[in-house]
Amino acid sequence: MSTDAIVLLREDHKAIRKLFREFEKAGSDAHTTKARVVDKIIEALTVHTYLENECMYPEVRKLVPELEDDILESYEEHHVADVLVAELAAMKPEDEHFTAKATVLIENVDHHIDEEENEWFPQVREHLGRKQLQELGARMIELRKKAPTSPAQPSALKKAVDAVIS
């Protein structure tokens, strides 16, 4: 198994997008299916954004200063996703705004993933060697073991608060 940080993040992106498509394919009255899929989306995004915020972004920000603006934008995009995830976690799938809120989350995260994969991952790979990316990936694998899976967990709440006061 590769420990390359970019490979690991791309695998997360692929799994998250698969959940997005599953949500989009569910019928308008498929409340049970939508609730199950949104629960999985919430968990996947909570873990993924934690790994990026705690490991990938600070390291890239330090090692590739020319990506500073991209990293700051990514932190803000994560913050918007965190807010939507927290709101969805508190909603029922029958709620009037549930599907609309999930759709906005999907659109925002799809855009974020496109930017990462097409714009800054290639630049990160260019600046960091294979060894650095593998070390970063190994740290992410370890961090995943203690990553929050719910927006209500303290480490997830801390990440959300940090986004507001940083």
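This one's a predicted model, so the numbers in the text were calculated from it and none came from an experiment.

Our focus in this paragraph is the pattern of salt bridges. Two side chains of opposite charge can pair, provided their charged atoms sit close to one another. Enumeration according to the criterion identifies 14 salt bridges in this entry. Of the charged contacts, one joins Asp-12 and Arg-144 as a salt bridge, the two residues approaching to 3.0 Å between their closest N and O atoms. With Asp-12 in helix α1 (residues 5-25) and Arg-144 in helix α5 (residues 130-144), this residue pair connects regions lying 132 residues apart in the sequence. We classify Asp-12 as buried; its relative accessible area is 13%. Notably, a salt bridge pairs Asp-110 with Arg-21, separated by 2.8 Å at the nearest N-O pair. Separated by 89 residues along the polypeptide, Asp-110 in helix α4 (residues 98-127) and Arg-21 in helix α1 bring together distant segments of the chain.

What follows concerns the packing of α1 against α5. Closest axis-to-axis distance for the α1/α5 pair is 7 Å, and the angle between their directions is 45°. With respect to their mutual orientation, α1 and α5 come out oblique. Across the interface between the two elements, Ala-5, Ile-6, Leu-8, Leu-9 and Asp-12 from α1 touch Leu-133, Leu-136, Gly-137, Met-140, Ile-141 and Arg-144 from α5. Of the residues in the contact of α1 with α5, the class split is eight nonpolar, one polar and two charged.

Another point: the nonpolar core. Counting 24 residues, the largest nonpolar core has Met-56, Val-60, Trp-120, Val-124 and Met-140 as the members making the most contacts within it. When contributions to this core are tallied by element, the ones reaching two or more residues are α1, α2 (31-63), α3 (68-89), α4 and α5. The element contributing the most residues to this core is α2, with seven residues. In contact with Trp-120, not counting residues within four places along its chain, are Met-56, Tyr-57, Val-60, Leu-67, Asp-70, Ile-71, Ser-74 and Glu-115. One finds Ile-16, Leu-88, Ala-102 and Val-109 within the second-largest nonpolar core, a separate group that totals 19 residues.

This part is about the UniProt feature "domain: Hemerythrin-like" (unreviewed entry) in the protein. Under the local residue numbering, the UniProt record ascribes the feature "domain: Hemerythrin-like" (unreviewed entry) to residues 5-123. The span residues 5-123 is 86% helix and 0% strand, and its two end C-alpha atoms sit 13 Å from each other.

Enumeration according to the criterion identifies one cavity of 30 Å³ or more in this entry. Taken as a whole, the largest cavity encloses approximately 40 Å³ of empty space. What lines the largest cavity is simply Asp-70, Glu-73, Ser-74, Glu-77, Glu-115, Glu-119 and Trp-120. Taken together, the elements giving at least two residues each to the lining of the largest cavity come down to α3 and α4. Top contributing element to the lining of the largest cavity by residue count: α3, with four residues. Within the lining of the largest cavity, the residues separate by chemical class into one nonpolar, one polar and five charged.

With that settled, the discussion passes to α5. Given a rise of 1.5 Å per residue, 15 residues ought to cover 21 Å, and the 21 Å separating the end C-alpha atoms of α5 matches this to within 8%. Among the residues of α5, Leu-133, Leu-136, Gly-137, Met-140 and Leu-143 are the ones counted as buried. Buried residues of α5, viewed axially, fall in a sector of 120°; they line one side. Buried positions along α5 lie against α1, α2 and α4.

Next up on the list: the side chain of Glu-115. Mapped onto the elements of the fold, Glu-115 is located in helix α4. Buried within the structure, Glu-115 lacks any salt-bridge partner; Arg-17 is the closest side chain of opposite charge, at an N-O distance of 10 Å. Dropping the residues within four chain positions of it, Glu-115 is found in contact with Glu-73, Glu-77 and Trp-120.

What counts, and where the lines are drawn
- Residues numbered from 1 in each chain as written.
- Predicted model: local features only at pLDDT ≥ 70, side-chain atom pairs only at ≥ 80, totals over all residues.
- Heavy atoms only, no water.
- Salt bridge = Lys/Arg side-chain N within 4 Å of Asp/Glu carboxyl O.
- Helix = DSSP H or I, 4+ residues; strand = E, 2+ residues; numbered from the N terminus.
- Buried < 20%, exposed > 50% of the residue type's maximum accessible area, 1.4 Å probe, protein only.
- Axes fitted to C-alpha atoms, helices over the stretch in contact; angles between N-to-C directions.
- Parallel < 35°, antiparallel > 145°, perpendicular 65-115°, else oblique.
- Contact = heavy atoms within 4.5 Å.
- Nonpolar A, V, L, I, M, F, W, Y, C, P; charged D, E, K, R; others polar.
- Core = buried A, V, L, I, M, F, W, Y, C linked by side-chain atoms within 4.5 Å.
- UniProt positions renumbered as here; feature names shortened; annotations may be inferred.
- 1 Å grid on protein atoms, 1.4 Å probe; cavity = no way out; pocket = protein on both sides within 12 Å on 5 of 7 lines; lining within 4 Å.
- Points joined across faces, edges and corners; volume = space filled by probe spheres on them.
- Expected span 1.5 Å × (residues − 1).
- Arc of directions from axis to C-beta.
- Lys, Arg positive; Asp, Glu negative; His and termini not counted.

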